[in-house]
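Here is what each chain is made of, one letter per residue.
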Amino acid sequence: MDQITNGHVLILGDGNLSFSLAFVKQHAADGVHFWCTVMESEAELINRYPTSRSNIDYLGAMPNVRLRFETDATRLKLEWFDGQLFEHIIMNFPHPGGKTNLRKCRALLSGIFESIPAVLAPAGRFLLSLAPKQSGLSSPIGSVISSEVPAHNKDSWAVIYLASYSGFLLQFVANFDPRAYPGYTCTGYLSQSKGFHQTGSETMIFTRATVLSASSLTADEQELQYFDQLHPLRPYYLHDVSFWLLNEDADHASLLKHWLVQISGGLVKRLSPLPELQYKCSERNATSVVYRLVWQSHFACLTRECCRDRQNLLRERITVVFSDERVPLELR
Ligand SMILES: C[S@@+](CC[C@H](N)C(=O)[O-])C[C@H]1O[C@@H](n2cnc3c(N)ncnc32)[C@H](O)[C@@H]1O
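In the annotation of an unreviewed UniProt entry, the entry for the chain reads 25S rRNA (uridine-N(3))-methyltransferase BMT5-like domain-containing protein, and the organism field reads Plectus sambesii.

Put into structure tokens, the structure is as follows:
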């Protein structure tokens, strides 16, 4: 976790409060104010994690720390924190409890992302740590924009996809090393006071961004500059589209690249022909070609539904533009 030297920090769902204690101690000399919170009541917490008693006492005696119990991270309210917005919100290893169930884990994460804007300062950051493989980001940490389609594992918590619905973009991924917080003992494995495996865990730093709407395909100059450049930390979606070639001699690959990138407002980042699906139709005396489009926004949040609606809008616009501009391709 990177340096925090001032401002207000909210720590959510902190198990036995040992991370809070370690983190607060590290920032004792800085001008940082903390709210340390857990989901459980004080009695439930001490009953579940007996070591939390001394952490509560220590934190409770610190002038720059406020403790709050029964704080559900999916229902955050500004009045719980005396109207204080936070520059930094930290949540480590949230888990709905019990045996891991992907649907419940995703619902918890969605609820957290939906709730956080209520208490996050406009330029604030949300630092979320997850156990290995949960995020679904398989690119190596620190990987950069490239021509490779990122290998996101959708059979995971798919964190960047969930975050996009609430207007959060992932800016940075770092290793989470528990040894950086002396005294921190992770808890909560199967809702008990047992720890869990943390080697290879990741901290993801999210900031706010616009959520794109489906209603228009306005060209975005910044997005247009990144054709064929895919961002490893942004959601992407694949859509196939088929055309009849009206003139076999035309350079249809270049024509499609030019028009689809323009019409999509720069969000079609890549188009690849699928030659295995190409065929000649003798009845029409024309060749059918199929292209796979990779949709991605580098600068705003693109959700699955918005992308699907934009793909439909793109199809409508292609028909009009190709006819007006006499492009020798016909949408199938
Ligand atoms: C695996 S434990 C991790 C605990 C602690 N953050 C740590 O690093 O050791 C999962 C934690 O998520 C918390 N949690 C689950 N749902 C929550 C919610 N809706 N709001 C706040 N915390 C929640 C649980 O109370 C539990 O402490």
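Help me out: how do you make sense of the overall build of the chain in this one?
When helices and strands are counted, the chain shows 8 helices and 12 strands. For the chain, the spread of C-alpha atoms along the principal axes amounts to about 80 × 35 × 30 Å. Of the contacts made within the chain by residues no fewer than 6 positions apart, 78% connect residues no fewer than 24 positions apart.

Would you take a moment to explain the environment of Arg317 for this structure?
On the secondary structure map, Arg317 appears in helix 8 (residues 304-324). Residue classification places Arg317 among the partly exposed positions, given that 16 C-beta atoms sit within 10 Å. Setting aside anything within four residues of it in sequence, one finds Arg317 in contact with Leu217 and Ile263.

So what exactly am I meant to see when it comes to the nonpolar core here?
Note that soluble globular proteins tend to have their nonpolar side chains buried in a common cluster. The biggest cluster of nonpolar side chains holds 69 residues, and the ones touching the most others in it are Ile89 and Val159. Domain assignment of the residues forming this core places at least three in each of domain 1 (6-208) and domain 2 (221-331). Leave out the neighbours within four places in its chain, and Val159 touches Leu109, Leu130, Ser135, Gly136 and Met204.

Can you walk me through the pairing of strand 5 (residues 120-130) in this structure?
Consecutive side chains along a regular strand alternate between the two faces of the sheet. Counting buried residues in strand 5 gives 8 out of 11 residues, a clear majority hidden from the surface. As paired elements, strand 4 (residues 86-92) and strand 5 share 6 bridges and run parallel to each other. Bridge pairing in strand 5 places Ile89 opposite Phe126. In this view, the connection linking strand 4 to its parallel neighbour strand 5 by way of helix 4 (residues 102-115) has right-handed handedness. Relative to strand 7 (residues 202-208), strand 5 is paired through 5 bridges, and the arrangement is antiparallel. Bridged to Ser129 within strand 7 is Thr203.

Mind showing me how you'd approach helix 8 here?
An α-helix turns once every 3.6 residues. As a result, residues three or four positions apart point the same way. Taking 1.5 Å per residue, 21 residues should reach 30 Å; helix 8 reaches 30 Å between its end C-alpha atoms and fits that length. Of the surrounding secondary structure, the elements contacted by the buried residues of helix 8 are strand 8 (236-245), helix 7 (252-263), strand 11 (286-296) and strand 12 (329-331). Taken from the residues just after helix 8, Arg326 is the one with a positive phi, measuring 55°.

Is there a simple way to explain the packing of helix 1 (residues 18-26) against helix 3 (residues 52-60) in this structure?
Packing of helix 1 against helix 3 leaves a shortest axis separation of 9 Å and a crossing angle of 35°. Of the two possible hands of crossing, helix 1 and helix 3 adopt the one that is left-handed. Residues Ser18, Ser20, Leu21 and Val24 of helix 1 form the contact with helix 3, whose participating residues are Asn55, Tyr58 and Leu59.

What exactly am I supposed to notice about the sheet that holds strand 1 (residues 6-12) here?
As a general point, the strands of a sheet are linked pairwise by backbone hydrogen bonds and lie either parallel or antiparallel. If you trace the 7 strands from one edge of the open sheet to the other, you get 3-2-1-4-5-7-6, paired in mixed fashion. Only two strands of the sheet have a single partner each, and these edge strands are strand 3 (65-68) and strand 6 (168-175). Strand after strand, the sheet turns through a mean of 20° between neighbouring axes, direction not considered. Across 4 bridges, the pairing between strand 2 (residues 31-37) and strand 3 is parallel. When the sheet's bridge partners are listed, Thr37 is paired in strand 3 with Arg68.

Please clarify how the domain arrangement of the chain should be interpreted in this entry.
Bring the parts together and some accessible area is lost; that lost area is often taken as the interface size. For the chain, the assigned domains read domain 1 (6-208) and domain 2 (221-331). Placing a centre on the C-alpha atoms of domain 1 and another on those of domain 2 gives a separation of 39 Å. Taken together, the contact pairs 17 residues of domain 1 with 13 residues of domain 2. Of all the secondary-structure elements, those providing two or more residues to the side of domain 1 that touches domain 2 are helix 5 (159-165) and strand 6. Its residues placed into classes, the side of domain 1 that touches domain 2 shows 10 nonpolar, 6 polar and 1 charged.

Looking at this structure, how should I read the environment of Thr199?
Along the chain, Thr199 falls in the loop between strand 6 and strand 7. Judged by the 10 C-beta atoms lying within 10 Å of it, Thr199 falls in the exposed class. On a C-alpha basis, the gap between Thr199 and Phe176 in space is 8.1 Å, while along the polypeptide they are 23 residues apart.

Explanation requested: unusual backbone geometry in the structure shown.
What you tend to see is this: most non-glycine residues have negative phi, and most peptide bonds are trans. Residue Glu70 is not a glycine yet carries a positive backbone phi of 50°. Tracing the sequence through the fold places Glu70 in the loop between strand 3 and strand 4. C-beta crowding within 10 Å serves as the criterion here: with 13 such atoms nearby, Glu70 is assigned to the partly exposed category. We note that Ala158 has phi near 45°; this positive angle belongs to a residue other than glycine. With respect to the secondary-structure elements, Ala158 resides in the loop between strand 5 and helix 5. Taking the C-beta count within 10 Å as the criterion, Ala158 has 20 such neighbours and is therefore assigned buried.

I'm lost on the environment of Ser41 in this one. Help?
Of note, Ser41 is situated in the loop between strand 2 and helix 2 (42-48). Taking the C-alpha atoms as reference points, Ser41 and Pro117, 76 residues apart in sequence, are found 24 Å from one another. Setting aside anything within four residues of it in sequence, one finds Ser41 in contact with Phe69 and Glu70.

Procedures and definitions
Residues numbered from 1 in each chain as written. Predicted model: local features only at pLDDT ≥ 70, side-chain atom pairs only at ≥ 80, totals over all residues. Helix = DSSP H or I, 4+ residues; strand = E, 2+ residues; numbered from the N terminus. Contact = placed C-beta atoms within 7 Å. Buried ≥ 20, exposed ≤ 12 C-beta atoms within 10 Å, placed from the backbone. Core = buried A, V, L, I, M, F, W, Y, C linked by C-beta atoms within 7 Å. Domains from an automatic or database assignment. Pairing = 2+ DSSP bridges. Right-handed = clockwise from strand over helix to strand, strands pointing away. Expected span 1.5 Å × (residues − 1). Axes fitted to C-alpha atoms, helices over the stretch in contact; angles between N-to-C directions. Left-handed = near helix turned anticlockwise from the far one by under 90°. Nonpolar A, V, L, I, M, F, W, Y, C, P; charged D, E, K, R; others polar.

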